[in-house]
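Remarks on the overall topology
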Amino acid sequence: MPFFIFAPVKAPYLTEESIQTFIRQALQEDVADGDHSSLAAIPAAATNQAKLLVKDEGILAGVELAVAIFKQVDPTLRVEVLLQDGTPIKFGDVALTVHGKAQSILTAERLVLNCMQRMSGIATYTQSIIRLIEGTGARLLDTRKTTPNFRMMEKWAVLIGGGTNHRFGLFDMIMLKDNHVDYAGGIKPAIEATHAYLRRLGKDLKIEVETRNLDEVRQALEVGGIHRIMLDNFPVEKLKEAVELIGGRFEVEASGGITEKTIRAVAETGVDFISVGALTHSNRSLDLSLKAF
């Protein structure tokens, strides 16, 4: 039976198989040959209940994942979801309750909390940044600056917070960054080599080119055959010039050195996207706990 209890956030990487694989690997890391604390102290037949208590303020994320974790640890556990992913939360709220075998509740506890605290922090920060650019038309993107083996959950949290996922990994989009351009010998040979590569493999991948100045923007425009131009570490005035130069021929993404203080001005230049690595690498986890009752 599918683990989703609400309509899930749509993303190609969020599949039943990918979620279950993540949980299996995470439980192997944490539990291995047994949760010996619970096995030693709690009678095997004991049943109990616990509530997921909110001790912070922000946006809740990871509820769907928590349900899947509890069910994989023990399919007989009964989870009652009280607050859905994306819900604004405050101190004292109860997100869910779980009932059943006490040993199983305790075994699942830390994995549930680790995921939900981290994901809720990301969703909360994402939404706070989106509020700064409301009304501009610019969309907020995440990046690949994620935690190894936890990228899926971090990007999921960005979606829950209202953001937009950039490419998931190296395999689902071509992004010719500064080092690619330098190693290839310039913008033109990098793009031309990419076209030849895609033809040879019969692949249809979108191409984004990172530019560091207006001259590189002009080179990208001259070559063409791309989908998006990234403007990396451009001052606001140069961003405006670049947007005018591109003139709607390709999507435009601003990136690099963008802070909460500057993001509104960046968005008002007319760029289509703003990528912010801090969404996943520089935020505070929310305080949640699982309490017996």
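Refer to the structure above for everything that follows.
To keep things clear, this report deals only with the structure shown in the data block. A quick note: this is a predicted structure, and the numbers were derived from the prediction, not measured.

Turning our attention to helix H9 (residues 236-246). Those residues of H9 lying buried are Leu239, Ala242, Val243 and Ile246. Along the long axis of H9, the arc covered by the buried residues comes to 100°, so they all point the same way. Summarising the geometry of H9, the exposed residues directed more than 90 degrees from the buried face are Glu237 and Glu244. For H9, the secondary structure elements touched by its buried residues are helix H8 (214-223), strand E9 (228-232), strand E10 (251-255) and helix H10 (263-267). Gly247 sits one or two positions beyond H9 and adopts a positive phi of about 60°.

A word on the packing of helix H1 (residues 16-30) against helix H3 (residues 63-73). Where H1 contacts H3, the axes come no closer than 10 Å and their chain directions differ by 60°. Taken together, the axis directions place H1 and H3 in an arrangement best described as oblique. Both H1 and H3 take part in a crossing whose hand is right-handed. Between H1 and H3, the contacting residues are Ile19, Gln20, Phe22, Ile23, Arg24 and Leu27 on the first element and Leu65, Ala68, Ile69, Gln72 and Val73 on the second. Residue classes in the contact of H1 with H3 are distributed as eight nonpolar, two polar and one charged.

All right, on to the pattern of salt bridges then. Counted according to the given criterion, the structure contains 13 salt bridges. Arg284 is the salt-bridge partner of Asp56, the closest N and O atoms lying 2.8 Å from each other. Taken together, the residues Asp56 in the loop between strand E1 (47-54) and strand E2 (58-59) and Arg284 in the loop between helix H11 (278-281) and strand E12 (288-292) connect sequence positions 228 residues apart. Ionic pairing is found between Arg228 and Glu251, a salt bridge with its closest N-O pair at 2.9 Å. Note that Arg228 is positioned in strand E9 and Glu251 in strand E10, a separation of 23 residues in sequence. We classify Arg228 as buried; its relative accessible area is 11%. By sharing partners, the salt bridges in this structure join Glu208, Arg228, Glu251 and Glu253 into a single network.

Taking strand neighbours across the sheet as the criterion, the four strands line up as E3-E5-E1-E12 in an open arrangement whose pairing is antiparallel. Each of the sheet's edge strands pairs with one partner strand only, and the pair in question is strand E3 (78-81) and E12. Adjacent strand axes in the sheet meet at a mean angle of 20° when their direction is disregarded. Alignment of E3 against strand E5 (residues 94-101), held across four bridges, turns out to be antiparallel. Bridging from a neighbouring strand, Val81 pairs with Leu96 of E5. Sitting on the sheet, H3 is in contact with E3, E5 and E12, with an inclination near 170° to E3.

Parameters and conventions
Residues numbered from 1 in each chain as written. Predicted model: local features only at pLDDT ≥ 70, side-chain atom pairs only at ≥ 80, totals over all residues. Heavy atoms only, no water. Buried < 20%, exposed > 50% of the residue type's maximum accessible area, 1.4 Å probe, protein only. Helix = DSSP H or I, 4+ residues; strand = E, 2+ residues; numbered from the N terminus. Arc of directions from axis to C-beta. Contact = heavy atoms within 4.5 Å. Axes fitted to C-alpha atoms, helices over the stretch in contact; angles between N-to-C directions. Parallel < 35°, antiparallel > 145°, perpendicular 65-115°, else oblique. Left-handed = near helix turned anticlockwise from the far one by under 90°. Nonpolar A, V, L, I, M, F, W, Y, C, P; charged D, E, K, R; others polar. Salt bridge = Lys/Arg side-chain N within 4 Å of Asp/Glu carboxyl O. Pairing = 2+ DSSP bridges.

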